[in-house]
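Chains, contacts and geometry: an overview
Listed below are the residues making up each chain.
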Amino acid sequence: MTDATDKLESLNPATGDVVGVHAVDDAAAVDAAVARAREAAGWWAGLGFDGRKQVLGQWRGVLTRRMAQLADVVHQETGKPHADAQLEIGLAIDHLAWVGSHAEKVLGRRRVSPGLLLANQAASVEYLPLGVVGVIGPWNYPVFTPMGSIAYALGAGNAVVFKPSELTPGVGVWLADSLREVVPDHALLQTVTGFGETGAALCRAAIDKLAFTGSTATAKKVMATCAERLTPVLIEAGGKDALLVDEDADVTAAADAAAWGAFSNAGQTCIGVERVYVHDRVHDRFVDELTRRARSIHAGVDADAKLGPMTMPSQVDVVRRHVDDALARGGRAVVGGEDAIGERFVQPTVLVDVPEDSLAVTQETFGPTLTVTRVRDMDEAVELANAGRYGLGSAVFSDKRGAELARRLRSGMTAVNSVIAFAAVPGLPFGGVGDSGFGRIHGPDGLREFTYAKAVTRQRFKPVLNLTTFDRTPEQDTMFATLLTALHGRATQLPKRPLRMRRDARR
Ligand code: NDP
C-alpha cells in the first residue's frame, strides 16, 4: 500500500504486486456517504423484519455463490491461503443467516410485567435501529471481522458506512458492491477507502454509532474523536489469549489446538493463542507434541505452505522485538527463533522459559509465535493468565475442571477442549474486557448493540392509587406507605446465617 496523495494502492504482501487502486476518501466524501446512508436507513427500517430478512437472505446467496471470487480478493490482499480465506467467508455467511432468522425474536416488541404498583399499565419494550452505523475494520480477517458488525447492524435495521483497513480496501469494496446488486436503489452498505484520516472522518461524521475493530492504541484515538459528537462506540481491540493445559487433559489434542490457535493466519488473529500455561506433570509431553507439530508446518508461497506472509510489513519488526527480548531474558526457542523471522515471512516459533514480564508475554505479538510456561497447578495458571491488561479470548484443556477454570478466566470468551470455537457460534456474544475493549458483536447482544431500547407504557385503566397527580391525598400517601411495607418490608430483616460465597466463585 502506498500513499500517492489521492490514491491508495493495495499490494499483495507476498510479492509486493499492486492488486488494486482505490480512492482516498476525504471528509467531504465520507459525509456524503453518511448522508446517503441516512436516506437508506429510513427505507430499511420501514421494511420491517420480514423485508430485511428477505434482502439479507438474497445477499447471503450472492456471497455464497461468489465465495471463491471473494476468497481470491482476500488471498491477494492479505496473502493468506485461499482455503483460509474461504473459511472466514463461510463463517461470516453463517452469521448472516443467524441474523436474518433471529433479529425479530431478539429485537421485536415484547410485553414486560408492570409490577404490582403499576398494575394498571401495559408495559412493553422493543429495540429500534440507531440509524447509520460506521464500521472501521482491520486487515487480518477482512471479511469475518467487519461482518460481525456489518451483518448485525444491518439485521437490526441500520444502514452502514464501512471503512476497511488500508491494507484490504478491495475486500471492503467487493462486499459493498455485492449488496448493491441486491439493493441497487438504496445505499445500505457503502465502503469508503483511505488511510487513518478517512477513518477519523467517519468518526467525526453524523453517524449514530461507531463499531471499531483494531488495535488498542487506535481504539483510544477513535474513542477520543467520537467523543466530540458523543457518538457511542463499540470497541473490539487486541488480545493476548492464554491456553491452559491441566494435568488430566488430552495432551495431544491440546498441542494440536495450541499449534493451530497460535500459527494459523500466520498468528495474525486477535483471538490467537499467544501464551500457554501447562501443568508441571504434562509440560514436557506437551512441549514435545507441540514441537513436532510446529516443525511440520511452514510459511511461504508454495503449494504446501499452510501459512502466508505477514500482511503488514511493520508487524515483522514487532515479532522480532518480542522474540529477541524473550531470548535475551533467558528464554529458549525450541522451534524457530531469530532465524525464523524473514523479510515477509515468519516461521513458527515456540518459546519456553520466558519470564512473565517480557514483551512476548505482556504485549500482543500478532505473529506465529507462542510462549509455553510450566505451572505447578491450575491456580497458578489462572493467576498468570489473568495478570495482563487484555481479556479477549482464552482456552482450557481439562477433562474434569474445564467449566470451572473457564469461569475463572478474565476474558470475554473461553473455549474448553478446543480453540476459537466461540467465534463460530452465531448465538454467542463476541468481545472482550480491559484493553481488549467493550461491547459485543454476534448473538443477541450483538444485535442489541446496534439499537436503542424503547420502553412504552400504556394505561389500561385508571389506577386505584394515582401516584402521579397533585390531587394526591394524605390518605393515599399512607396507603402507599402501607402497601410498600407489605411488599418490601421483610427484606430489611437480617439473614439468620451469614452469606457464603458460591463454591465456584471462590479464589
Ligand atoms: P489498527 O488499529 O492499526 O487499524 C484498525 C482500523 O482503524 C484500520 O481500518 C485503520 O485504517 C483505522 N484507523 C487508523 N487510524 C485511525 C484513526 N485515527 N481514526 C479512525 N480510524 C483509524 O489495527 P490493524 O488494522 O493493524 O488490526 C490489527 C489489530 O486488530 C490487532 O490488535 C488485533 O488484535 C485487532 N483485532 C481485534 C479483533 C477483535 O474482534 N477484538 C479482531 C481482529 C483484529 P488504516 O488501516 O487505513 O490505517
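Up top you'll find the structure we're talking about.
Here is a short report on the structure shown in this document. The structure presented is a predicted model; accordingly, all values stated were derived computationally and were not measured.

1. Here's the deal with the site of the ligand
Around the ligand, the surrounding shell holds 31 residues, and the nearest of these are Glu-166, Ser-215, Thr-218, Cys-270 and Glu-364. At a separation of 3.4 Å, an oxygen atom of the ligand approaches a polar backbone atom of Gly-214. Contact distances for the ligand include 2.5 Å between an oxygen atom and a side-chain N or O atom of Glu-364. When atoms are counted within 2 Å of each cavity's grid points, the one that captures over half of the ligand is the largest pocket.

2. A few points about the packing of helix H6 (residues 196-204) against helix H7 (residues 216-227)
At a minimum axis distance of 8 Å, the contact between H6 and H7 shows a crossing angle of 40°. Along this stretch, H6 crosses H7, giving a crossing that reads as right-handed. Listed contacts from H7 to Ala-200, Cys-203 and Arg-204 of H6 are Val-222, Thr-225 and Cys-226. For the contact of H6 with H7, a count of residues per class yields four nonpolar, one polar and one charged.

3. With respect to the layout of surface pockets
Considering only enclosed or pocket space, the largest pocket measures out at about 1100 Å³ in volume. Lining the largest pocket are 44 residues, and of these Phe-212, Gly-214, Ser-215, Thr-216 and Thr-218 lie nearest its centre. Elements that contribute at least two residues to the lining of the largest pocket include exactly H6, strand E9 (209-213), H7 and helix H10 (315-328). For the lining of the largest pocket, the element with the highest residue contribution is H7, accounting for seven residues. Looking at the lining of the largest pocket residue by residue, the classes come out as 18 nonpolar, 16 polar and 10 charged. The volume enclosed by the second largest pocket comes to roughly 350 Å³. Considering the residues around the second largest pocket, the lining is formed by 22 residues, among which Leu-91, Tyr-141, Phe-144, Ile-271 and Ile-420 are closest to the centre. Only helix H3 (82-107) and helix H4 (144-155) provide two or more residues apiece to the lining of the second largest pocket. The greatest single-element share of the lining of the second largest pocket, amounting to four residues, is contributed by H3.

Definitions and cut-offs
Residues numbered from 1 in each chain as written. Predicted model: local features only at pLDDT ≥ 70, side-chain atom pairs only at ≥ 80, totals over all residues. Heavy atoms only, no water. Near = heavy atom within 4 Å. Polar contact = N/O pair within 3.5 Å; in protein donor to acceptor, adjacent residues only side chain to side chain. 1 Å grid on protein atoms, 1.4 Å probe; cavity = no way out; pocket = protein on both sides within 12 Å on 5 of 7 lines; lining within 4 Å. Sits in = over half its atoms within 2 Å of the grid points. Axes fitted to C-alpha atoms, helices over the stretch in contact; angles between N-to-C directions. Helix = DSSP H or I, 4+ residues; strand = E, 2+ residues; numbered from the N terminus. Left-handed = near helix turned anticlockwise from the far one by under 90°. Contact = heavy atoms within 4.5 Å. Nonpolar A, V, L, I, M, F, W, Y, C, P; charged D, E, K, R; others polar. Points joined across faces, edges and corners; volume = space filled by probe spheres on them.

As far as function goes, none of this settles anything; it's purely spatial.
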